[in-house]
Amino acid sequence: MSERAAGNIYDLGYRNYRGVRLGRRHALFALYVHSLRGVFGIGRGISSKVFPIGLAIVILVPAAFQLGIAAIADNTIEVLRAEDYYGYVQIILALFCTAVAPELVGRDQRTQTLPLYFSRALKRDDYALAKWGALVTAMLVLTVVPQAVLFVGNGMAGNDLSGYLKDEWEQVPAILGSALLLSLMTAGIGLAIAAQTSRRAYSSVAILATFVLASAIAAILLEASDPDVGRFSLLLSPFHLVRGFTLWFFGVSPDAESQIGRADLPGAIYAMSALLIASLTIILLLRRYQRITA
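Residues numbered from 1 in each chain as written. Predicted model: local features only at pLDDT ≥ 70, side-chain atom pairs only at ≥ 80, totals over all residues. Heavy atoms only, no water.

(A) Structural view of the packing of aromatic side chains. As enumerated under the stated definition, the model contains 8 aromatic pairs in all. Ring centres 5.3 Å apart and planes at 55 degrees place the aromatic pair Tyr117 and Tyr127 in the tilted group. Of this pair, Tyr117 sits in helix α4 (residues 114-118) while Tyr127 sits in helix α5 (residues 124-157); the two residues are 10 residues apart in sequence, bridging distant segments of the chain. Residue Tyr117 is classed as partly exposed on the basis of its relative accessible area, which comes to 22%. Relative to Phe239, the ring of Phe211 has its centre 6.1 Å away and its plane inclined at 25 degrees; by these criteria the two rings are stacked. (Phe/Tyr/Trp six-rings, centres within 6.5 Å; stacked < 30°, edge-to-face > 60°. Helix = DSSP H or I, 4+ residues; strand = E, 2+ residues; numbered from the N terminus. Buried < 20%, exposed > 50% of the residue type's maximum accessible area, 1.4 Å probe, protein only.)

Next up, the structure:
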């Protein structure tokens, strides 16, 4: 006769959680911080850090170059002006958005972790806004920091820092305003496109094409179509919008021979168009997460 296996049953019971329930606001902030860290690859492997941090360093190169010239020439030579800075780095900003936006929202779709987020205190709109806020913040870092370095460095290169700051203080609102609008528009375009698919390659190509092809098409329409009609095509190009509203913020007239100069549109129209695009893209992003299967 076989013996029965001996065993013990332990009644451990269940304990109710008696700690503080931080709720929806804390969950939203935690997701925002986690997403912002993810933009720069913080907390991940080296390969996740190389591209975003590398591009961030490259964006600082024009400012460092100008500071070097100012130090050598005693601030008498101004190779790079603040209103021209984004024209030098706009393609790098587009590449940064192309690289990080698909990873920011596509990873959760690929790994099917969205149901875990939505089953907690977070709502669908909270998730979208946290991701959007993280990318806008990252873009602000890449736009404000180089301009701040350029502004403060030019002042320190001269003999009278306080006098420089007193004379050039009006650049500060222009720097902040143009950087904020650029960041809102760029982040909105990137996330609105990236959220449509979990395939990183597809979304990356679509985002980069939106920035590059829109600029090329706008330039072609300006040259080929009726001037009274073709000039409005620049309002569909992110690069032209950035150039137009940046000049408007700084109160600088465009070169008459440039595309912006030949279009001869009021600078405020570029700013309003960029704000409209930023608003439409965040609406598209929110609608996407209201309809996405999770």
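(B) Here's a closer look at the layout of surface pockets. Of the volumes computed, that of the largest pocket is approximately 190 Å³. Every residue lining the largest pocket is counted, 14 residues in all, and those nearest its centre are Arg44, Ser48, Ala99, Glu103 and Arg200. When residues of the lining of the largest pocket are traced back to their parent elements, those giving at least two are α1 (23-39), α2 (46-72) and α3 (85-110). No other element matches α3, which puts 5 residues into the lining of the largest pocket. (1 Å grid on protein atoms, 1.4 Å probe; cavity = no way out; pocket = protein on both sides within 12 Å on 5 of 7 lines; lining within 4 Å. Points joined across faces, edges and corners; volume = space filled by probe spheres on them.)

(C) Broad picture of the side chain of His240. Examined against the element boundaries, His240 turns out to sit in helix α10 (residues 238-250). Within the structure, the side chain of His240 is placed 2.8 Å from the side chain of Ser237, a separation counted as a polar contact. Separated by 2.5 Å, the side chains of His240 and Gln259 make a polar contact. When near neighbours in sequence (up to four residues on either side) are disregarded, His240 contacts Ser215, Ala218, Ala219, Leu234, Gln259, Ile260 and Tyr270. (Polar contact = N/O pair within 3.5 Å; in protein donor to acceptor, adjacent residues only side chain to side chain. Contact = heavy atoms within 4.5 Å.)

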